[in-house]
Structure formats: structure tokens, C-alpha cells
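Here is how the chains run, residue by residue.
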Amino acid sequence: MFYDFKKIEEKWQKIWQDTCAFRAQADPGRRKYYLLEMFPYPSGKIHMGHVRNYTIGDVASRFKLLQGYNVMHPMGFDAFGQPAENAAIKNKTKPDVWTYKCIKEMETELKRMGFSYDWDREISTCDSSYYKWNQWIFLKMLERGLAYKRASGVNWCPSCQTTLANEEVVDGGCWRCHTKVEQKDLEQWYLKITDYKERLLEDLGKLKQWPERVLAMQNNWIGKSAGVDIYFRLKGRDEVVPVFTTRVDTIFGATYIVLAPEHPLVKELIKGKPEEKEALRFIEKVSKESKVVRTAGDVKKEGVFTGAFAVNPVNNEDIPVWVADYVLMEYGTGAIMAVPTHDQRDFLFAKEHKLPMRLVISPKGCGMRVEEMSEAYEGEGVQVNSAEFNGLTNLEAKEKIAVWMEKKGTGKIQTHWRLRDWLISRQRFWGTPIPVIYCPKCGIVPVPYEELPVELPKDAPFTGDGGSPLGKVKEFVQVKCPRCSGEARRETDTMATFFDSSWYFLRFCSPAYGDSAFDVQEAKYWMRVDQYIGGIEHAILHLLYSRFFTKFFQDLKMVDFDEPFEKLLTQGMVLKDGEVMSKSRGNIVDPDSMIKEYGADALRLFILFAAPPETELEWDRKGLEGAFRFLNRVWRIQENLKEKADRSLVKTMHKTVKKVSEDFNDFKFNTAIASLMEFTNAIYQSGADRDVFSKLITMLSPIVPHFAEELWQTLGNKESIFKSSWPGYDPELLIEENIELVIQVNGKVRSKLKVSRNIPEAELKELALKDEKLGPWLGGKSPRKVIVVPQKLVNIVV
């Protein structure tokens, strides 16, 4: 007897939809639970990564429903972005037409998986009703000096024809299309996330239920460094080059300094020197390289001599000034001091270019020599060749040298940060228009709030020939200045899509609210997100920006919390044949075809059973077939229900409820399923009654909801299983009836017996003395004393 999964799944999906089964409403009298998975980009088809992410969330959501929580589990679409624009060009259509078509397809597929979303809360970031509030937030930031425009060298994707934030450059390529990123000088809009750097760093300590790996990645990206700005005077010039270092203990070993190719002094230093031509060629070459590639640890570092020298302020030595690709203008001061003996990157560079080296830290008890070094020594040790600081440990010297240099005026103790302001300008159409106007008379003028949203025009040309289509729409660009009514032009850049996703979790609290970005009272009830689920790839980008926006809203007095997500789970990738599934590798498994063959519930069961959520999951069709067979095995139990289950099975049931409850709370779904399979085996051995079977179904219901609903109804229940309660367990029934009794002779273990837990003490003595295994140890002697420790041991003293 096989269950008809197609008929059952379609039936329950319709019932859930018709009854709005998962609609959430604020209720101050109930405990709330806000569960959210990172919303998808609407590509038109869900993939196995989506299935895994959303199944994990759905199980947690349904489990909380059964525990009596008021659950909000919304879904929407991160719908702006480059791919839709490219697809529009390729398919000779419009981005909005393409995107809404894809959203419709994905909605259908998500509903086919049986996910418990409150579809009444659905949002799409490309709707003007949503991006109006992007523009509102931008204007609020502009008012407070957090949004500003400046010219700078930026990451440029020649394929997408747009700029990228540093965080969007992955392994030297565009995060979306993987094209090699170049550098380009443009005027761009930035958000001053650096104003929040202290709070963003300090509040990482509040995120007790986030993965350590994510916290470490954010900590490193924010990058707070305590050190010293050291002033290197340029020889023959009345100028100094400030260099920031966290290793002031190595200053006596600095044998050259290196400037970023973009450093404003470089072209002055090389002017008229024999090195000028080669240096200019090098600067031009580096300008086309991604900053991420330039600083990558596995890429050979290149540089040229400027022909200039600087003076090391601690020993007055003349040292050469070089330009190298691995130094970036935006980090520190755009210049570094090079200590080849104590920094591996400097060591390799110095070896390549035959630059001098001096050892200034030696391992304790080891006479290290420069000429014998095969790599830099980066460990701790004792100062050498460091004048009056010789003999100190380098940790002691670090503090003393810093103070000494500050007193002499050759340095200043400073704190530097790696975090840079967030570049949000994109030279594309399919994004939120930046709501500013440029007036020849008034300058930059914000669009008045009452004129929001600034909507995307319907008739923008899509030719794929580069540049923003917005700039080609005369009716969009040419406007009157809101201040002087003179001729003006509208900004044609749009916002990075990460702007849209930096606050969507708040919009879900009141998606139809028209007076502000979100209803403050609704957000007060639902926020924070109790459980957030998504990929580790968003550890820096989306998660950092969301934390920044939340702190901004706190400053606006719109929220009374400073972190958006209480718990974070980062699920692992889905692999096939050891590699991540992708179209380019040709190893995609289509969820839709698996649903047609085995049903959504079997797919959900397999996805959860195959691996813990945080780890990678290897696709295995046999595992899916096994999940399907297990469901059919459970289905057949209903045919042979008993009047009353055996006591031993009831005890097994209570143990299973306890184990599965704990595993669900800890997101250990694979071990929970293993326990349910063991329980099913026990049922087949002794037979279940209605109560035992009902509890099995209830525990399975978050995992296989259609299947469980149908069996629940078959048992005569009128309401949905998700209006029932999660089963409890009796602690008394968890106690083992039999215990292992240890038998000792003169304090040494000589035997063990299985006995009833409640056996009287006199019987314990009698059982122990009759134990035949003790013969060799008693030797026919009568015991002088018998000591009984109830439920533990009997010690016979002879």
C-alpha cells in the first residue's frame, strides 16, 4: 500500500491556501516567534540550495507552531539586480516583465514544497511600494550626513558595466558574473557606515547565538588595529610620509618604505628621475587590477623603485621609497614600512628586488642570522639591533618604543580601521533610483518626501551597449529643481541591491503600511528576528549592512533594539559528486523533477536526514528513495492499530519525544529523524495504538507536513494537525526499570547483575551471596560483613 503523494500534497496545499493557515497577526497575549530565511533572487527556478534552506526554516516554524508560539514566517523576493537587466536584453523584453514572470514561477515552486509562509506578507523589492521606502531611508541618511557623494577610484565590472563595493569583489572577480574587476575613477554615492564602526564591532559581543566563523569574519572586516603613525621624512624635500604600523617593535628593521600606486606623492617623487617612465607604466598597469587581487596572499607582489629616499626616524638611515601593488591607498595611510626579516610579504619582496634586511627580534636563546633566514621570523622574542631597547621582549618594546616616538614627535599612537564607507551607486537601470536632483544653481537637492517614490520609467531602452538606460530617458532626467524651479537633471545611478535587503525583515512586520518604512508598533511586537537562516557567503555583505541599518533606525527612535537577528544559522551547500551544484558544472538536480517522482515530503525528509544543517550535503538519489520507502512504512501502520500499546513501547515513545524535542530545539534534524525511524521500528515489533501513532505523526509533521495532515485526518481529527500541540513526555517513564548492580569482594569488582530497580535490600544481599561467579573469590569463607549501596552495589567483606 503506497500513499498517493501527488493527490495528498495538492489537497493540503489548497487547504492551507484557502484557509490562510499560516497568517500571522500580532497578539500581545501570546509568545511570538519570528522565523526568517534570507529571501531569494527571483531567477525563476528554485534549486536544491533553496530547498535545503527553506526546508530547515519550515521545520523550525512548524515546530514552534505546535509548541504554541504565535509564529511569523514570511517570504518575499530580492527582486532588483543585474541578472534581470541582462535577461531583458537577451530576451528582448523589459526587466519588470521578466522579474514578475520569474516571481510567479518561484511562488508556485515554493508552494509545491509545502512551506508554511504567510503569503499575505509577501514583498518584492522591485515594487515601487517597497523601494519608495528605500528612497525615504536614503533621504534620512542624507539629512544626517550619512549619505554623501565623492570622486574616487572604484571597482568596475566591465561586463555588468557598473561599480562594485569592495565586499562584492570575490577572488578578483564580480560577485555575480565573475568577470575580472578593474579600477575606475568615478563620482559615486556612499553611505557612512564608518560612523557606526565602534558599535558594529562592540556589539558583536552581544551575538551569543551566531556562528563563531561569522563573528570572526565581521570582526576582521571591521578591522580595528591599535598602532603608531610613524613619520618618515623624505630626503631632500620638506615633506613627511606617515606610515601606520601595528608592529612598532620592528621599526629599527625597516629598510624601505612602500607607497600605494594611487598615493598623491608618487608622481611628484618620480618626476624627472630615470625611474619615471617605468614607474608610470607600472602605475597604469596596476590601475586596471582589482584591489582584492592586489592584496591576495597567493599572488606575487610587484613594484618599482621611485628613485627617492626617506629617513628612518629612529636611526636616521636613508631608505629607498618603492611603489608596489599590494599597498592600497584606502587602508591606513596608503604607505607601509617594510621590515623583511619580520614580515613574510616584505621578505619575499625584498628577496625578489635584492633589498637590505636587518634582524631586530631574535627568538630567545637562538642566535639567528639574516643570511641564514629562509623566511621571515614573525614570532615573539628579544629586541636586537634596536639601540636602547635591546634585551627587552618585543612585547615590552612595542609599548616603550611607541611612547618614546610620541615624545620625540616622530610618531603618534593611533587606532586605524579596515572598514570603509559603503559604495552604493550602480550605473544600471534595474534598481532603486537615488532620489536626488542636480541643479546648476542649488547644487545637490534631495527629492521632496511628498514626491516619493521616484519611479523607474517604463520605456527605458535596453541595448546592452553600456551605461545606464536611465540616462537615455529624457522625461526621467530633465526635471525642475524643487528649490528654485529652474532646469535641473535627475540622478541616473541606482542603489546597490544590498540596500534593499538591509531592512526587509522590518518591512515584513507591516508590508502594507503606508505612513513610514514600517509600523513601529508592529515591529516592536515582532522584532527581533528570533531565528535567521542563510548562507555563509552573506557573512560580511548582507549581515553587516543589516546591522548598520538597524542601528540607524535605533538612532531615529524607530526601534528599541540594536541588533536585528537573535540567532543565526548558516546552512551548508548542496553538492553532487563532491562539487557545488551549478549550471556551469552541469551537475544540477532539478527539485521539480524529484517532487514529481517522490513527492515534496520525501524530498524534505531526505534533505534533513542526509546531513546536519551547518555542513555540506552530498546529493544521493538512493537516500531520497530510502526516505520515500520510510514514509510508506509509516503509512502502513494505520492498518494494524491495537486497542492498547505495550508498556515498553509507551516508554520508548516518551524517550523518543524527549530526544526529538531536544534535537528540534538544537536544529539537529538528522538525529531527530534517526530517532523517529528507530521508534517506527519499535512500533513494527510490538504494534501501536491510536495514541502512540498520533504522537509519531505529530513528531513527523514539521518534516513531512502533507503526509502528517492526511494521516491525522484519517484518524478522525477535524482540525489541522498544526492546531494541535507538540507531545510532552513523563520523566518517570524515562527511568529504567532494571539497573546494573555491581558486586564487589573486599572492594574489588568481581561481578555484575541485572536486577529490578526497586528490589528490597535483603533480597539484594541474598542475590549477591548466591552469585556463582564469586566462588573463586569467596573461597568457601563466610562473609564478615555485607555492605549495600541501594541501586548501585553490594560489597562482600571476607
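Up top is the structure these notes are about.
All of the points below concern the structure found in this document. (Residues numbered from 1 in each chain as written. Predicted model: local features only at pLDDT ≥ 70, side-chain atom pairs only at ≥ 80, totals over all residues. Heavy atoms only, no water.)

## Considering unusual backbone geometry
Apart from glycine, the bulk of residues carry a negative phi angle, and the bulk of peptide bonds sit in the trans form. At the junction of Leu-452 and Pro-453, the peptide bond is cis and its omega measures out at 5° in the coordinates. Turning to its location among the elements, Pro-453 is positioned in the loop between strand S20 (443-446) and helix H13 (474-477). In the segment running from Met-527 into Arg-528, the intervening peptide bond is cis, with an omega of 5°. Note that Arg-528 resides in the loop between helix H16 (520-526) and strand S24 (529-535). Phi is positive for His-178, close to 70°, though the residue is something other than glycine. Relative to the elements of secondary structure, His-178 occurs in the loop between strand S6 (173-174) and strand S7 (182-191). For Lys-557, which is not glycine, the phi torsion reads 65° and is therefore positive. (Helix = DSSP H or I, 4+ residues; strand = E, 2+ residues; numbered from the N terminus.)

## Things to note about the sheet that holds strand S3 (residues 147-157)
The strands that make up a sheet are held in pairs by hydrogen bonds between backbone atoms, and each pair lies either parallel or antiparallel. Strand order in this open sheet of 4 strands is S4-S3-S7-S17, and the pairing throughout is antiparallel. Since the sheet does not close on itself, it has two edges, and those belong to strand S4 (162-164) and strand S17 (422-423), each with one partner. Direction of pairing for S7 relative to S17: antiparallel, over a ladder of 2 bridges. Counted as the bridge partner of Tyr-190 is Leu-423 from S17. (Pairing = 2+ DSSP bridges.)

## Quick word on the environment of Ser-661
Here Ser-661 shows up in helix H21 (residues 647-665). Along the primary structure Ser-661 and Phe-63 are separated by 598 residues, whereas in three dimensions their C-alpha atoms are 9.0 Å apart. Beyond its immediate chain neighbours, meaning those up to four positions away, Ser-661 contacts Phe-63 and Trp-726. Within the structure, the side chain of Ser-661 is placed 2.7 Å from the side chain of Trp-726, a separation counted as a polar contact. (Contact = heavy atoms within 4.5 Å. Polar contact = N/O pair within 3.5 Å; in protein donor to acceptor, adjacent residues only side chain to side chain.)

## Structural notes on the packing of helix H2 (residues 48-66) against helix H19 (residues 600-609)
Between H2 and H19, the least distance of the axes is 10 Å, while the angle of their chain directions is 90°. For the element pair H2 / H19, the angle class is roughly perpendicular. Taken together, the residues of H19 that come into contact with H2 (itself represented by Met-48, Val-51, Arg-52, Thr-55, Ile-56, Asp-58, Val-59 and Arg-62) are Leu-603, Arg-604, Ile-607 and Leu-608. In the contact of H2 with H19, the residues fall into 7 nonpolar, 1 polar and 4 charged. (Axes fitted to C-alpha atoms, helices over the stretch in contact; angles between N-to-C directions. Parallel < 35°, antiparallel > 145°, perpendicular 65-115°, else oblique. Nonpolar A, V, L, I, M, F, W, Y, C, P; charged D, E, K, R; others polar.)

## Quick look at the sheet that holds strand S25 (residues 565-571)
Spatial strand order, S2-S1-S24-S25: 4 strands in an open sheet with parallel pairing. The open sheet has two edge strands, strand S2 (70-72) and S25, and neither has a second partner. Between one strand axis and the next, the sheet turns by 20° as a mean value, whatever way the strands run. By the bridge criterion, 3 bridges tie strand S1 (residues 32-37) to S2 in an arrangement that is parallel. Within S2, the position partnered with Tyr-34 by the bridge is Met-72.

## Quick notes on the nonpolar core
Counting 180 residues, the largest nonpolar core has Trp-422 and Phe-553 as its most contacted members. The contact partners of Trp-422, leaving out residues within four places of it in the chain, are Ala-165, Trp-189, Tyr-190, Leu-191, Ile-193, Phe-498, Phe-499, Ser-502, Tyr-545, Phe-548 and Phe-549. Formed by 38 residues, the second largest nonpolar core is a distinct cluster that contains Val-286, Ala-308, Val-314 and Phe-389. (Core = buried A, V, L, I, M, F, W, Y, C linked by side-chain atoms within 4.5 Å. Buried < 20%, exposed > 50% of the residue type's maximum accessible area, 1.4 Å probe, protein only.)

## Brief notes about helix H23 (residues 690-700)
Across the 11 residues of H23, 9 count as buried, placing the element largely inside the fold. Listing the buried residues of H23 in full gives Val-692, Phe-693, Ser-694, Lys-695, Leu-696, Ile-697, Thr-698, Met-699 and Leu-700. Buried residues along H23 sit in contact with H2, helix H20 (621-635), H21, helix H22 (669-686) and helix H24 (705-714).

## Observations concerning the pattern of salt bridges
In this structure the tally under the stated criterion is 44 salt bridges. Ionic pairing is found between Glu-109 and Lys-45, a salt bridge with its closest N-O pair at 3.4 Å. In this pair, Glu-109 sits in helix H4 (residues 95-112) while Lys-45 sits in the loop between S1 and H2, placing the two residues 64 residues apart along the sequence. You can call Glu-109 buried: its relative accessible area is 7%. Between Arg-199 and Asp-555 there is a salt bridge, and its shortest N-O distance comes to 3.1 Å. Of this pair, Arg-199 sits in helix H6 (residues 197-202) while Asp-555 is found in helix H17 (residues 541-555), placing the two residues 356 residues apart along the sequence. In this structure Asp-555 comes out as partly exposed when scored by relative accessible area, which is 36%. What you see here is one network of salt bridges that share partners, running through Asp-203, Lys-206, Arg-547, Lys-551, Asp-562 and Glu-563. (Salt bridge = Lys/Arg side-chain N within 4 Å of Asp/Glu carboxyl O.)

## Describing the packing of H19 against H22
Taken N-terminus to C-terminus, the directions of H19 and H22 make an angle of 115°; their axes are 7 Å apart at the nearest point. It follows that H19 is roughly perpendicular to H22 by the angle criterion. Contact residues: Leu-605, Leu-608 and Phe-609 in H19; Phe-669, Asn-670, Ile-673, Ala-674 and Met-677 in H22. Class assignment for the residues of the contact of H19 with H22 results in 7 nonpolar, 1 polar and no charged.

## Looking at the side chain of Asn-53
Mapped onto the elements of the fold, Asn-53 is located in helix H2. According to the relative accessible area criterion, Asn-53 is buried, its value standing at 6%. Apart from the residues within four sequence positions on either side, Asn-53 is in contact with Glu-37, Met-38, Ile-533, Gly-534 and Gln-571.

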